[in-house]
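# Observations on the three-dimensional arrangement
Each chain is listed here by its residues.
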Amino acid sequence: MTNPASVSSSNRVIVSVIGQDRVGIIAAVATILADASANILDISQSIMEEFFVMIMMVDLEKASTSFDDLRQRLARKGEEMGLRIDAQHEDVFKYMHRV
Amino acid sequence: MQRFSPQEIVETIRMVQMEKLDIRTITMGISLRDCGADSIGVVERRVYDKVCRHAARLTAVGDQIEREYGIPVINKRISVTPVALVAESTGTSDYVRIARALDRAATEVGVNFLGGYSCLVEKGATPGDRALIDSIPEALATTERVCASVNVGTTRAGLNMDAIARMGEVIRDAALLTADRDGLGAAKLVVFCNAVEDNPFMAGAFHGVGEPDTVLNVGVSGPGVVLRAVETAPEADFGALAAIIKRTAFKVTRMGELVGRAASEKLGVPFGIVDLSLAPTPAVGDSVARILEAMGLERVGTHGSTAALALLNDAVKKGGAMASGHVGGLSGAFIPVSEDIGMIEAAEAGMLSMDKLEAMTAVCSVGLDMIAIPGETPATTLSAIIADEAAIGMINRKTTAVRLIPAPGKRVGDSVEFGGLLGRAPVMAVHTASSEGFVRRGGRVPAPLQALNN
């Protein structure tokens, strides 16, 4: 049983990529995650309001780098590729969209 | 494992990045009741030590949460037990020394404001309360981060008109002592009716006597998110509009709940409440006035503004109340003038008057907030404005407050600039007919009847 009054202790984060579609986005993000031993649990992608949106759920349980580090690496890669790449703890979305 | 749709993910990201959803403040309440002593020097040391000890990690934890969740945590702040309660045992009146100790502690732990240089005098003042009130102008002029508040009335006790008369002078003096900064001292001073004990927002935050030793309260914000939601439904009738605002407020409040719980766990401090207030900032897209205008008013301040605000305030509360285990604080829409670009513009255009603002405060949280008025305004007029506002709170069983800046040397048409979150304000006109005879009467306005409501 999870305690609804508590924040979760999970290590899952949502990685979101928003921008113009181009070749190699998934490969680039997946490489960074693999290098950090972060396990991709789920991927989805779609086109919303002309923008390419890719969402990954990633488990950092066995990750070899800190969340902070990983977040910065992803953000830098995003800048390189002209995309916006965010990594946020899954609780943000759980709290906002699931009751 | 829960899956989220791209729409949900994008909605959240858009709220934060484009609509300025943020956590306005995480405020740690710290009791100073164990800091009393015979000697003011000892009180000073104990107060400083306790604040530094408990809040040492507050800003670091706030920053960590911001990184982990991707939700900006704008301010980390501290509220303390009303200082008059702590300082009274010293028998001296040099309370400014405690304000300075608190200011040093706030600087040490890296918070931008610390509230609680306060006293509660709705029914009468003790020597300690009077010493504190007398020291407020100097305390605010010689410290940077300390905020003061005085509660002068409640629905149950009525209004302490002696205190209200005195507070007019104190506001004037607080502005005069900071004349070189446009009267900034008065921007850090709030006069309350029905003050709440768990308010995380400045300048009126203090740590109530019924609170635990330490507690963490969260103030959410999101006028931009609500504005966008209202703008998407230009044809919606009021029932539909209220439903849209409720849904949005729910989502915003959930973020407050999450951040509050996370911060409380990381700091090992009990979680207190989420304050549901819509708190504007001077930034474009972060305005409560714009929400009212998006409802169909050409300018905030025109006829219909009070009704629009009433609907907004109520819908925010209904949506937010479902989203959090514990709602408290002020919880409503703030309508400060200097901190809201829509209010500033309406006031500059002459479309928003003090009288309309007063009417609007009858249906929203708080009150006449961050309004610059002419520096030559008599103290008795300031007191009469406080009395009017406190009467609205007393009769309507709600919190009202006055935070006025009688800007030294400024006249109607001039403007004052405080910078940052405090913003800028055009100097607004007040009525010039004297209220002196009324204010001079003194005594107490009896508590109102709680029945025969109409």
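In terms of helices and strands, chain A carries 3 helices and 4 strands. What you see in chain A, going N to C, is helices and strands ordered as β-α-β-β-α-β-α. Here chain A has a C-alpha radius of gyration of 14 Å; the compact-globule value for 99 residues is 13 Å, and the two agree. Each principal axis of the C-alpha atoms in chain A carries an extent, and together these give about 40 × 35 × 20 Å. A buried classification covers 48% of the 99 residues belonging to chain A. Intrachain contacts of chain A at a sequence separation of at least 6 include 67% that bridge at least 24 residues. Total accessible area on chain A stands at roughly 5,200 Å², and carbon and sulfur atoms take up 49% of it. A gap of 3 Å separates the mean positions of the 10 positive and 14 negative side-chain charges of chain A.

Compared with the 26 Å implied by 1.5 Å per residue over 18 residues, the 26 Å span of helix H15 (residues 379–396) of chain B between its first and last C-alpha is a close match. Counted residue by residue, H15(B) has 13 buried out of 18 residues, so it is predominantly covered.

Residues and elements named next belong to chain A. Along the chain, Ile40 falls in strand S2 (residues 39–48). On a C-alpha basis, the gap between Ile40 and Glu50 in space is 26 Å, while along the polypeptide they are 10 residues apart. If sequence neighbours within four positions are ignored, Ile40 has contacts with Ala30, Leu33, Met56, Met57 and Val58.

Quick look at the side chain of Arg403(B) now. Residue and element names in this part refer to chain B. You can see Arg403 is positioned in strand S11 (residues 400–407). Look at Arg403 and you get buried, because its relative accessible area is 4%. Here Ala187 takes part through its backbone oxygen, which lies 3.0 Å from a polar atom of the side chain of Arg403. The residues contacting Arg403, other than those within four sequence positions of it, are Ala186, Ala187, Leu189, Val190, Met202, Ala203, Glu339, Leu368, Asp369, Met370, Ile371 and Leu422.

Looking now at the environment of Glu138(B). Residues and elements named next belong to chain B. Mapped onto the elements, Glu138 comes out in helix H6 (residues 127–142). Residue Glu138 is classed as partly exposed on the basis of its relative accessible area of 39%. Through-space distance from the C-alpha of Glu138 to that of Gly185 is 8.8 Å; in sequence the pair is 47 residues apart. Setting aside chain neighbours within four positions, we find Glu138 in contact with Val96, Arg100 and Leu177.

All names here are of chain B. Inspection of the secondary structure puts Glu293 in helix H11 (residues 288–294). Here Glu293 falls in the buried class, since its relative accessible area comes to 14%. Side chain to side chain, Glu293 and Arg290 meet in a polar contact 3.0 Å long. Apart from residues no more than four positions distant in its own chain, Glu293 is found in contact with Glu298, Arg299, Val300 and Gly342.

Right, let's talk about the interface of chain B and chain A for a bit. With 30 residues of chain B at the contact, the number on the chain A side is 33 residues. Applying the counting rule to chain B against chain A returns 2 salt bridges. A salt bridge links Arg67(B) to Asp68(A), with the shortest nitrogen-to-oxygen separation between them at 2.7 Å. On inspection of chain B and its partner chain A, the count reaches 7 residue pairs in polar contact (both at pLDDT 80 or more). Elements with a contribution of two residues or more to the side of chain B that touches chain A: helix H1 (6–17), helix H3 (58–69) and helix H10 (238–267) of chain B. If you tally residues by element for the side of chain B that touches chain A, the top one is H1(B), at 10 residues. Of the residues contributing to the side of chain B that touches chain A, the split by class is 14 nonpolar, 6 polar and 10 charged.

Criteria and cut-off values
- Every residue gets a number counted from 1 within its own chain, in the order that chain's sequence is written.
- Note on labels: chains are lettered from A, ligands numbered from 1, in written order.
- Where totals are concerned, whole chains, interfaces and linings use all residues; where local detail is concerned, this predicted model gives features only for residues with pLDDT of at least 70, and gives and counts side-chain atom pairs only at 80 or more.
- Side-chain metrics rest on all non-hydrogen atoms present in the structure, leaving aside hydrogens and water.
- Each helix is a run of DSSP H or I of at least 4 residues and each strand a run of E of at least 2, with the numbering of both proceeding from the N terminus.
- Put simply, the radius of gyration uses C-alpha atoms, and a globule should come to 2.2 Å times the residue count raised to 0.38.
- Burial status follows relative accessibility: with a 1.4 Å probe on protein chains alone, a residue under 20% of its type maximum counts as buried, one over 50% as exposed, and anything between as partly exposed.
- Residue contacts are counted whenever heavy atoms from the two residues lie within 4.5 Å of one another.
- Per-residue accessibility takes into account occlusion by the displayed protein chains alone, with areas from the Shrake-Rupley method and a 1.4 Å probe.
- Here Asp and Glu are counted as negative and Lys and Arg as positive; His is not counted, and neither are the chain ends.
- Just so you know, the charge point we use is NZ for Lys, CZ for Arg, CG for Asp and CD for Glu.
- Each helix should span, by expectation, one fewer than its residue count multiplied by 1.5 Å.
- Between N or O atoms, a polar contact is any pair within 3.5 Å; within protein, one atom must be a potential hydrogen donor and the other a potential acceptor, and residues adjacent in sequence are included only when both atoms are from side chains.
- One speaks of a salt bridge when a side-chain nitrogen belonging to Lys or Arg is within 4 Å of a carboxyl oxygen belonging to Asp or Glu.
- In the scheme used here, Gly and all other residues not listed as nonpolar or charged are polar, with Ala, Val, Leu, Ile, Met, Phe, Trp, Tyr, Cys and Pro taken as nonpolar and Asp, Glu, Lys and Arg as charged.

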